[in-house]
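Residues per chain, in single letters:
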Amino acid sequence: KNNGMIGNIYSMGLALQVLEATRKFYAPRKWDCVQAYSVVYAHDYQQPMAIAQVLPALVGRSYLDVAGLDCAATEDVSPSQQLPLFPKLGAPRVPRGPIEVHYSITNKLQGKHFHYSTSVTVPSGSTLLRVMEVAAEENPAIFSFKTEQTSWGPYVTSIHGLAGSNDDRTYWKFLSAGNALDEGGGMGRWGEPVLGSPCPSLKYPSATGVGTYKPHDGEHIEAVFSTY
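All figures in this text were calculated on a predicted structure; none of them were measured in a lab.

## Focus: the packing of aromatic side chains
For step 1, the next point in the chain: Within the structure shown, the criterion is met by 6 aromatic pairs.
For step 2, the next point in the chain: Relative to Tyr 41, the ring of Tyr 37 has its centre 6.3 Å away and its plane inclined at 35 degrees; by these criteria the two rings are tilted. With Tyr 37 and Tyr 41 both in helix 2 (residues 33-42) and 4 residues apart, the pair spans about one turn of that helix.
For step 3, the next point in the chain: Overall, the relative accessible area of 56% leaves Tyr 41 in the exposed class.
For step 4, the next point in the chain: Of the aromatic side chains, those joined through ring pairs into one cluster are Phe 114, Tyr 116, Trp 172 and Phe 225.

Listed below in structure tokens is the structure:
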């Protein structure tokens, strides 16, 4: 189902680990593992936590194998066989021109409703977090926001003084052209890939992925106060 996708792109790492670790415990069934791995290969993971979950699965291992690792066995490995600690530097990147991103915040859910929009100019390749920072620098009274750091990167807890709440099941959801962003986002409570959703831990209803999602020129990003 779903062309090999299990849950969403950010649940694939742990899902593949579980299937590999429990292979001998479940009956054979129709499951296209090649298709599932193709989904992972085709995605450009950016978040360290997501990468850490996917890598073991790509070599046929799981976190359970850590207990059996013999770290001392690598002490006698020759330098030529060791992986480099730093990547080799290639040709310098050519600076790209600035882009304009349209950004709006909307609350039609609690308290005094509001809707504000702005356009900011940032260097090409900037993250959504940088777009929000520039908007806040230019108009802090309107676009100020707060974040907290998690193992999945920074997540937005409040915008314009309005914070999400676990008790009220509210959070800031991010959309582009009316569609929920799924690049660099977290796992929704119901398994849907959403940027601006409950974190993969399902503990915080928050906007995850703002530190990795990169808007394109002319894109309209909306932050909408929502429920889950």
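## Comments concerning the nonpolar core
For step 1, the next point in the chain: Counting residues in hydrophobic clusters, the biggest one holds 28 residues, and the most contacted among them are Tyr 103, Leu 128, Met 132, Ile 159 and Phe 174.
For step 2, the next point in the chain: Broken down by secondary-structure element, the contributors of at least two residues to this core are strand 1 (98-107), strand 2 (114-123), helix 4 (128-138), helix 5 (140-143), strand 4 (153-159), strand 6 (170-176) and strand 12 (220-227).
For step 3, the next point in the chain: Here the element with the most residues in this core is helix 4; it accounts for 7 residues.
For step 4, the next point in the chain: Sequence-distant contacts of Ile 159, that is, excluding residues within four places in its chain, are made with Tyr 103, Ile 105, Met 132, Ser 144, Phe 145, Trp 172, Phe 174 and Ala 223.
For step 5, the next point in the chain: Within the second largest apolar cluster, 13 residues are counted, among which are Val 39, Val 40, Val 54 and Trp 152.

## Digging into the sheet that holds strand 6
For step 1, the next point in the chain: A sheet is described by the order of its strands in space; here 5 strands give the open sequence 2-1-12-6-7, paired in mixed fashion. At either end of the open sheet lies a strand with only one pairing partner, and these are strand 2 and strand 7 (179-180).
For step 2, the next point in the chain: When strand 6 meets strand 7, the two strands line up antiparallel, connected through 2 bridges. Residue Ser 176 lies in a different strand from strand 7, and its bridge partner there is Asn 179.
For step 3, the next point in the chain: Along the sheet face, helix 4 touches strand 1, strand 2, strand 6 and strand 12 and points at about 110 degrees away from the line of strand 2.

## Description of the UniProt feature "binding site: cyanocob(III)alamin" (unreviewed entry) in the chain
For step 1, the next point in the chain: The UniProt record marks Asn 8, Gln 53, Tyr 155, Val 156 and Leu 181 with the feature "binding site: cyanocob(III)alamin" (unreviewed entry), using the residue numbering of this structure.
For step 2, the next point in the chain: Its place among the elements puts Tyr 155 in strand 4.
For step 3, the next point in the chain: Mapped onto the fold, Val 156 is located in strand 4.
For step 4, the next point in the chain: Residue class for Val 156 comes out buried when judged on its relative accessible area of 1%.

## Thoughts on the pairing of strand 12
For step 1, the next point in the chain: Pairing of strand 1 with strand 12, which is carried by 5 bridges, proceeds in the parallel orientation. Paired with Ser 104 across the strands is Glu 222, a residue of strand 12.
For step 2, the next point in the chain: Sheet topology note: the strand 6/strand 12 ladder contains 7 bridges and is antiparallel. The residue bridging Trp 172 from the neighbouring strand is Phe 225, located in strand 12.

## Looking at the packing of helix 2 against helix 3 (residues 48-58)
For step 1, the next point in the chain: Relative orientation of the contacting elements helix 2 and helix 3 amounts to 135 degrees, with a least axis distance of 12 Å. In terms of their interaxial angle, helix 2 and helix 3 are classed as oblique. Here helix 2 runs over helix 3; the crossing is left-handed. Within the contact between the two elements, helix 2 uses Tyr 37, Val 40 and Tyr 41 and helix 3 uses Val 54, Ala 57 and Leu 58.
For step 2, the next point in the chain: Here the contact of helix 2 with helix 3 is composed, by residue class, of 6 nonpolar, no polar and no charged.

## Topic: the pattern of salt bridges
For step 1, the next point in the chain: If you walk through the whole model with that rule in mind, you get 2 salt bridges.
For step 2, the next point in the chain: For Glu 133, the salt bridge is made with Arg 130, and the minimal N-O distance between the two is 3.2 Å. Here Arg 130 and Glu 133 lie together in helix 4, a separation of 3 residues that amounts to about one turn.
For step 3, the next point in the chain: Judged by its relative accessible area of 29%, Glu 133 falls in the partly exposed class.

Calculation notes
- Residues numbered from 1 in each chain as written.
- Predicted model: local features only at pLDDT ≥ 70, side-chain atom pairs only at ≥ 80, totals over all residues.
- Heavy atoms only, no water.
- Phe/Tyr/Trp six-rings, centres within 6.5 Å; stacked < 30°, edge-to-face > 60°.
- Helix = DSSP H or I, 4+ residues; strand = E, 2+ residues; numbered from the N terminus.
- Buried < 20%, exposed > 50% of the residue type's maximum accessible area, 1.4 Å probe, protein only.
- Core = buried A, V, L, I, M, F, W, Y, C linked by side-chain atoms within 4.5 Å.
- Contact = heavy atoms within 4.5 Å.
- Pairing = 2+ DSSP bridges.
- Axes fitted to C-alpha atoms, helices over the stretch in contact; angles between N-to-C directions.
- UniProt positions renumbered as here; feature names shortened; annotations may be inferred.
- Parallel < 35°, antiparallel > 145°, perpendicular 65-115°, else oblique.
- Left-handed = near helix turned anticlockwise from the far one by under 90°.
- Nonpolar A, V, L, I, M, F, W, Y, C, P; charged D, E, K, R; others polar.
- Salt bridge = Lys/Arg side-chain N within 4 Å of Asp/Glu carboxyl O.

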